[in-house]
Amino acid sequence: MEIFDTTTFIPPFALDIDLETGAMPDATNHLVRNASAMKGHYADSAAFDALVANGDPLHYEVFEKPVPEEYGHLMYCISKLQPGKVGDEFFMTKGHYHTVVQTGEIYLALAGEGFMLMKTQDGQFHYERMQRGRMVYVPPYWAHRSVNTGSEPLISFCVYPGDGGHNYGDIETEGFPGRVFEKNGEIVIE
Ligand code: PA5
Ligand code: NI
């Protein structure tokens, strides 16, 4: 068998994922972002500062048992986004493009409810509902951010090419063209 010489050869493996809670006991990487990691991302900066001053709660976590970050491998993760709001705006992830911008991603929602917001560098915007059993296909070139509109954690399983990387790019300065709020008891995207 010929092995593509820039792709590391590893033995096959398997692991367990609890499809209700997202628990992945074999995960060795655990990324934790508390609210303070989201500075500049929410519309209501006074509400954001108050949330951080008031205990800087857990915002979201990512669990991985990493594979080589190389062409040919498939990175995967469990993402767990807490419920809550900053002012009227629902908790969300930072969001990113992939460093290799021609990198797509699959998200399968396992628990909770919310949205995947997606945008392109030239200003296109699209969103999809996330709920248990619903898969969102994030095509190459689309930045993506998940938003939790429910009262339980929004948990999803993601898969993307190992060499894709993360580029927070203009999201930190420009954000997304749409935000998700609760207004008069309704979920609105504006
Ligand atoms: O590549 C992905 O989309 C995930 O691994 C995310 O990085 C993860 O959900 C955390 O989101 P973010 O990188 O926007 O903080
Ligand atoms: Ni991604």
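Coordinates for the structure precede this section.
This section reports on the structure supplied with the text. (Residues numbered from 1 in each chain as written. Chains lettered and ligands numbered in written order. Predicted model: local features only at pLDDT ≥ 70, side-chain atom pairs only at ≥ 80, totals over all residues. Heavy atoms only, no water.)

### Description of the nonpolar core
Test applied: What makes a nonpolar core is a set of buried Ala, Val, Leu, Ile, Met, Phe, Trp, Tyr and Cys residues whose side-chain atoms join them at distances within 4.5 Å. Exposure is judged per residue with a 1.4 Å probe applied to protein chains only, and the accessible area is read against the type maximum: over 50% gives exposed, under 20% gives buried, and values in between give partly exposed. Strands are runs of DSSP state E lasting at least 2 residues, helices are runs of H or I lasting at least 4, and numbering of each runs from the N terminus. Working rule for contacts: check all heavy atoms of both residues, and any pair within 4.5 Å makes them a contact.
Ranked by size, the top nonpolar core spans 41 residues in total, and within it Tyr42, Tyr107, Met116, Met130, Val136 and Val138 carry the most contacts. Secondary-structure elements contributing two or more residues to this core are helix 1 (45–53), strand 2 (58–64), strand 3 (74–81), strand 6 (105–111), strand 7 (113–119), strand 9 (135–138), strand 10 (143–148) and strand 11 (154–161). Counting residues per element, this core draws most heavily on strand 3, at 5 residues. With near-sequence residues (within four places) excluded, Tyr107 lies in contact with Met116, Met130, Arg134, Met135, Val136, Val138, His144, Ser156, Phe157 and Cys158.

### Some words on the sheet that holds strand 6
The condition that has to hold: Here, strands pair whenever DSSP counts at least two bridges between them. Only the stretch in contact is used when fitting a helix axis, every axis being a line fitted to C-alpha atoms; angles between N-to-C directions are given from 0 to 180 degrees.
One open sheet accounts for 6 strands, arranged 1-2-3-11-6-9; its pairing is antiparallel. A strand with exactly one partner marks an edge of an open sheet, and here the two such strands are strand 1 (29–34) and strand 9. Taken pair by pair, the neighbouring strands of this sheet meet at an average axis angle of 20°, ignoring direction.

### Here we look at the environment of Ala35
Mapped onto the secondary structure, Ala35 falls in the loop between strand 1 and helix 1. In sequence terms Ala35 and Tyr60 are 25 residues apart; their C-alpha atoms lie 8.4 Å from each other. Sequence-distant contacts of Ala35, defined by excluding residues within four places in its chain, comprise Phe48, Leu51, Val52, Asp56, Pro57 and His59.

Any functional reading would require information beyond the geometric quantities listed.
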